[in-house]
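Below are the chains, spelled out letter by letter.
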Amino acid sequence: MVTRIVTIEQQHIDTAAIREAGEIIRAGGLVAFPTETVYGLGGDALNPESSKKIYEAKGRPSDNPLIVHIARIEALPAIVREVPETAKKLAEAFWPGPLTMILPKAEAVPKETTGGLDTVAVRMPSHPAALAFIEAAGGYVAAPSANRSGRPSPTLARYVAEDLDGRVEMILDGGDVELGLESTIVDLAVEPPVILRPGFVTEQMLRETLGTVETDETLFRSDSGQAPKAPGMKYRHYAPKGELTIVRGEAAAVTDYINGQLARGHKENKKTGVIATDETIGRYESQVLRSVGKRNDEREVAQRLYRILREFDDEGVELIYSESFDGAGISQAVMNRLLKAAGHRIKEV
Ligand code: AMP
Ligand code: MG
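So, a few notes on the structure that sits alongside this text. All values derive from a computational prediction rather than experimental measurement.

**Brief notes about the side chain of Ser286**
So, step 1. For Ser286, the position within the fold is in the loop between β13 (272–276) and β14 (288–291).
So, step 2. Looking at Ser286, its side chain comes within polar contact range of the main-chain oxygen of Thr272, at 3.3 Å.
So, step 3. Of note is the side chain of Ser286, whose polar atom sits 2.9 Å from the backbone oxygen of Val288.
So, step 4. Excluding residues that lie within four positions of it along the chain, Ser286 makes contacts with Leu262, His266, Thr272, Gly273 and Val274.

**Some remarks on helix α9 (residues 331–341)**
Each α-helix turn comprises 3.6 residues. Residues three or four places apart therefore point the same way.
So, step 1. With 10 of its 11 residues buried, α9 lies for the most part within the structure.
So, step 2. Looking at α9, one finds that the buried residues are Ser331, Ala333, Val334, Met335, Asn336, Arg337, Leu338, Leu339, Lys340 and Ala341.
So, step 3. A positive backbone phi angle near 55 degrees is found at Gly343, which sits one or two residues after α9.

**Notes on empty space enclosed by the protein**
So, step 1. Following the criterion strictly, the structure yields 1 cavity of 30 Å³ or more and no others.
So, step 2. Thr184, Ile195, Pro198, Gly199, Val201, Thr202, Glu203, Thr215, Ala328, Gly329 and Gln332 are the residues that line the largest cavity.
So, step 3. Grouping the amino acids of the lining of the largest cavity by side-chain chemistry returns 4 nonpolar, 6 polar and 1 charged.

**A short note on the pairing of strand β10 (residues 194–197)**
So, step 1. Across 3 bridges, the pairing between strand β9 (residues 184–187) and β10 is antiparallel. Note on β10: the bridge partner recorded for Asp187 is Val194.
So, step 2. As judged from the 2 bridges shared by β10 and strand β11 (residues 214–215), these two strands associate in the parallel manner. Each residue of the ladder has a partner; that of Val194, found in β11, is Glu214.
So, step 3. The β-α-β motif built from β10, the intervening helix α6 (residues 203–210) and the parallel element β11 has right-handed crossover chirality.

Cut-off values and rules
- Residues numbered from 1 in each chain as written.
- Chains lettered and ligands numbered in written order.
- Predicted model: local features only at pLDDT ≥ 70, side-chain atom pairs only at ≥ 80, totals over all residues.
- Heavy atoms only, no water.
- Helix = DSSP H or I, 4+ residues; strand = E, 2+ residues; numbered from the N terminus.
- Polar contact = N/O pair within 3.5 Å; in protein donor to acceptor, adjacent residues only side chain to side chain.
- Contact = heavy atoms within 4.5 Å.
- Buried < 20%, exposed > 50% of the residue type's maximum accessible area, 1.4 Å probe, protein only.
- 1 Å grid on protein atoms, 1.4 Å probe; cavity = no way out; pocket = protein on both sides within 12 Å on 5 of 7 lines; lining within 4 Å.
- Points joined across faces, edges and corners; volume = space filled by probe spheres on them.
- Nonpolar A, V, L, I, M, F, W, Y, C, P; charged D, E, K, R; others polar.
- Pairing = 2+ DSSP bridges.
- Right-handed = clockwise from strand over helix to strand, strands pointing away.

Everything listed here is a matter of geometry and, on its own, says nothing about what the molecule does.
What follows is the structure, given as structure tokens:
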């Protein structure tokens, strides 16, 4: 299969390209597309054969369910058993946007799309090209992140092409994504609602809308002894080729510790890398050095993280040290992804 890459201008969406992308989905094919979070690998959510193709293209285990993307709130009732008050309130507050809701599924959604579950994950993205594409595709696009299983979610079309060239009919190139981390997932099929994956819509924001919200305790701990409730969370999603360690503590202690480890790495002839911040980047002696931005700018940190992890892989870095990000808001999402990438290896100093 030859993959076509088509550039989409945010300001002036090429309707011919979107129409064509929609036709590919209706015919049972696959199209990768930009959203505000990361790029998605889309297929017809109501066609079991399309969902099978998505798993195949990603190399993803088929018990790891897909998120169904819709473009209008009116599309929701057809794919869920009922629309609870909680879902109405959250849709009102956060859709279109980076929030995925888990609800009991309707007959119309095949088990292939939900990884065999009786619930379905639904999101309405805010990216204008994504919305136009979903409409053109018939209104229901199943899409996980558009990476091969085991790589970071792609934040640029170039990374989608690296992973999926020859495996999808078309890639819609919308440039760099706005947010850079996957959506928040909240399970509304249980009472009280539970956050299964942290993201830009934070626990506090959800509390303001819903009252009580809990967070799945397996998200930040490796030793809780419980299986995560979002099937995708049980997989060691992405592990960099190098050994990643997160270092937590007071700023000076962190840089001292990391520099000590870098010196050791250099002696052992290992290629080293550091994930630093604008404030600290000048303090490290590392072969590959990247800043995720200003420490207080959580959005910037989130936006840059996956790209930096891909760059370390591309440069063959063997030992990676990252500063830790411990705020209560978007930092929770950053830390959750970092912890997974590090296999929960964290050094307190
Ligand atoms: P991705 O789009 O690649 O981030 O993957 C979708 C994520 O949503 C995975 O982590 C899934 O486990 C999660 N997910 C999708 N559907 C459900 C569901 N019905 N219940 C719980 N988690 C889900
Ligand atoms: Mg993913």
